[in-house]
Amino acid sequence: MAKLSFNAVSGEIVDECQVYEFSIFKSLADPCPQTITLDEFVEMIQGGEFSDEIKRLRAEQDEDRQKAIKRTLPCVTVSGVFSGGHHSTNLASHSGLICLDFDADQNAALAGMADHWRDKLAEDQFVKHAFVSARGNGVAAICRIEPDNHAMAFDALAVYFKKEHGLNVDKACRDVTRLRFMSWDDGIAENTNSRVFKRYTLAQEVNPAAPQQQQHVEAPTEAIDTTLTKTRKNE
């Protein structure tokens, strides 16, 4: 049962009982995913459930061997619950989330600065979680979106992050079936007051032919004091 309350920081009515769910696959070849919650996913990353594999991946210099190691890692479809595979036809329900990748090879500023950019992105009003990627040279940001507007939300978010942070988003993240490899980051950051992204007019800068969406009224940015909570593994 929903428990609604008003978040004065984000300016939104939120459901305190809302649980975000999506699928986890044992590997790329796994046809039978399990369903996990966002909280469980965060705990896996923070707690280092696959730290041995991630350490080996990050220590490997050969790109082909890196890819081979990654193929053995569990992976998730952050944007939804899937059944029988991870094709679009297998989508059972959208999670209301999208995971954006910021890779060092597309963003020179990230080189050797993944921790810094993780913390910086987690301060953004539209980022719910940010963490260092599996190979350790990029950052992933999970944002809340409206399930029915996945593609348009991605287009608009790509423009938003370019304008606000000067970062290029991996275009493959536009695909609702996008798989994200498990990572390890005990400094994974959370913004407890993140907002649902609805600035669809920004998508017009990517695709002028995109249909117009009704403009949503948002609380003034100046009034938002985004809270950054960094959870770290207990010593």
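Up top you'll find the structure we're talking about.
Residues numbered from 1 in each chain as written. Predicted model: local features only at pLDDT ≥ 70, side-chain atom pairs only at ≥ 80, totals over all residues. Heavy atoms only, no water.

Chemist: Can you walk me through the environment of His94 in this structure?
Modeler: Along the chain, the position of His94 falls in strand E7 (residues 91-94). In the structure, His94 is positioned 54 residues away from Asp148 in sequence and 8.3 Å away in space, judged by C-alpha atoms. Only 3.3 Å separates the side chain of His94 from the backbone oxygen of Ser79, close enough to count as a polar contact. (Helix = DSSP H or I, 4+ residues; strand = E, 2+ residues; numbered from the N terminus. Polar contact = N/O pair within 3.5 Å; in protein donor to acceptor, adjacent residues only side chain to side chain.)

Chemist: Even after reading the chapter, I still don't get the packing of aromatic side chains, so can you show me in this structure?
Modeler: Geometry of an aromatic ring pair is reported as the spacing of the ring centres plus the angle between the planes. With the rule as written, the count across this model stands at 7 aromatic pairs. Ring geometry for Phe22 and Phe41: centres 5.6 Å apart, planes at 85 degrees, overall edge-to-face. With a gap of 19 residues between them, Phe22 in strand E3 (residues 21-25) and Phe41 in helix H1 (residues 38-47) connect regions that are remote in the sequence. An angle of 65 degrees between the planes, with centres 5.9 Å apart, marks the rings of Tyr160 and Phe197 as edge-to-face. Taken together, the residues Tyr160 in helix H5 (residues 150-165) and Phe197 in the loop between strand E12 (189-191) and strand E13 (228-230) connect sequence positions 37 residues apart. On the basis of relative accessibility, which here comes to 0%, the residue Phe197 falls in the buried class. Put simply, the rings of Phe102, Phe126, Tyr160, Phe161 and Phe197 pair up and form one aromatic cluster. (Phe/Tyr/Trp six-rings, centres within 6.5 Å; stacked < 30°, edge-to-face > 60°. Buried < 20%, exposed > 50% of the residue type's maximum accessible area, 1.4 Å probe, protein only.)

Chemist: So what exactly am I meant to see when it comes to the environment of Ile45 here?
Modeler: Residue placement: Ile45 occurs in helix H1. The spacing of Ile45 and Ser183 is 138 residues in sequence and 5.6 Å in space, taken between C-alpha atoms. Not counting residues within four places of it along the chain, the set of residues in contact with Ile45 comprises Phe131, Met182, Ser183, Trp184, Asp185, Asp186 and Ile188. (Contact = heavy atoms within 4.5 Å.)

Honestly, that's just the spatial picture; any functional story needs more than this.
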